[in-house]
Amino acid sequence: MIQVLKTQLVLRKTGQYSSALDCARRVWKHDGVRGFYRGFLPNAIGILPYAGIDLAVYEVRYGCVSHFCAIVRHAVWVVDHLIVVSLCAN
């Protein structure tokens, strides 16, 4: 919906709309509810590949970070126990 209004406002002739609200009223009056969803499908088709790639990259990064954090936690646990053992040995 916002995309339609933004596009209408950018492509307007000078003085065609007095405000964004005026633009919304005219779209409503001329095309009804369907006017606000004009171009939705091509926009969605353009966004879906980007969203899929973004989600895949996030999942891979999250998995790597989780694995790294597990290694660090184990290393800290080992060092803590070595310190305790060395203190107890004295």
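This section reports on the structure supplied with the text. The structure presented is a predicted model; accordingly, all values stated were derived computationally and were not measured.

**Remarks on the overall build of the protein**
Here is step 1 of the chain: Summing up its helical and strand segments, the protein has four helices and zero strands in all.
Here is step 2 of the chain: Reading the helices (α) and strands (β) of the protein from amino to carboxyl end gives α-α-α-α.
Here is step 3 of the chain: Its C-alpha atoms give the protein a radius of gyration of 28 Å, clearly above 12 Å, the size a compact globule of 90 residues would have.
Here is step 4 of the chain: The principal-axis extent of the C-alpha atoms belonging to the protein is close to 85 × 25 × 20 Å.
Here is step 5 of the chain: For the protein, the residues scored as buried account for 11% of the 90 residues in total.
Here is step 6 of the chain: A total of about 7,800 Å² of accessible surface is found on the protein, and carbon and sulfur atoms cover 69% of it.
Here is step 7 of the chain: One finds the centroid of the 10 positive side-chain charges in the protein at a distance of 17 Å from the centroid of its 5 negative side-chain charges.

**Focus: helix H2 (residues 20-31)**
Here is step 1 of the chain: With twelve residues, H2 ought to run about 16 Å at 1.5 Å a step, and its terminal C-alpha atoms sit 16 Å apart, in line with that.
Here is step 2 of the chain: Taken residue by residue, H2 has Asp22, Cys23, Ala24 and Val27 as its buried positions.
Here is step 3 of the chain: Measuring from the backbone nitrogen of leucine 21 back to the side-chain oxygen at the start of H2 gives 3.4 Å, which picks out serine 19 as the cap.
Here is step 4 of the chain: Remark: glycine 32 follows H2 within two positions and exhibits a positive phi of approximately 70 degrees.

**Quick notes on the packing of aromatic side chains**
Here is step 1 of the chain: Taken as a whole and assessed by the stated rule, the structure comprises one aromatic pair.
Here is step 2 of the chain: Between tryptophan 28 and phenylalanine 36, the aromatic rings sit 6.2 Å apart at their centres with planes inclined by 35 degrees, giving tilted as the arrangement.

**Quick look at the pattern of salt bridges**
Pairs may arise between side chains of opposite charge once their charged atoms sit close together.
Here is step 1 of the chain: Evaluated as defined, the whole model comprises two salt bridges.
Here is step 2 of the chain: Measuring nitrogen to oxygen at the nearest pair gives 2.4 Å for the salt bridge that ties aspartate 31 to arginine 38.

**Focus on the packing of helix H1 (residues 2-10) against H2**
Here is step 1 of the chain: Relative orientation of the contacting elements H1 and H2 amounts to 110 degrees, with a least axis distance of 10 Å. As judged from the angle between their axes, H1 and H2 are roughly perpendicular. Listed contacts from H2 to Leu5, Gln8 and Leu9 of H1 are Ala20, Cys23, Ala24 and Val27.
Here is step 2 of the chain: A per-class count over the contact of H1 with H2 returns six nonpolar, one polar and no charged.

The rules behind the values
Residues numbered from 1 in each chain as written. Predicted model: local features only at pLDDT ≥ 70, side-chain atom pairs only at ≥ 80, totals over all residues. Heavy atoms only, no water. Helix = DSSP H or I, 4+ residues; strand = E, 2+ residues; numbered from the N terminus. Rg over C-alpha atoms; globule rule 2.2 N^0.38 Å. Buried < 20%, exposed > 50% of the residue type's maximum accessible area, 1.4 Å probe, protein only. Areas by Shrake-Rupley, 256 points an atom, 1.4 Å probe, with all protein chains shown as cover. Lys, Arg positive; Asp, Glu negative; His and termini not counted. Charge placed at Lys NZ, Arg CZ, Asp CG, Glu CD. Expected span 1.5 Å × (residues − 1). Polar contact = N/O pair within 3.5 Å; in protein donor to acceptor, adjacent residues only side chain to side chain. Phe/Tyr/Trp six-rings, centres within 6.5 Å; stacked < 30°, edge-to-face > 60°. Salt bridge = Lys/Arg side-chain N within 4 Å of Asp/Glu carboxyl O. Axes fitted to C-alpha atoms, helices over the stretch in contact; angles between N-to-C directions. Parallel < 35°, antiparallel > 145°, perpendicular 65-115°, else oblique. Contact = heavy atoms within 4.5 Å. Nonpolar A, V, L, I, M, F, W, Y, C, P; charged D, E, K, R; others polar.

In short, geometric facts, not functional conclusions.
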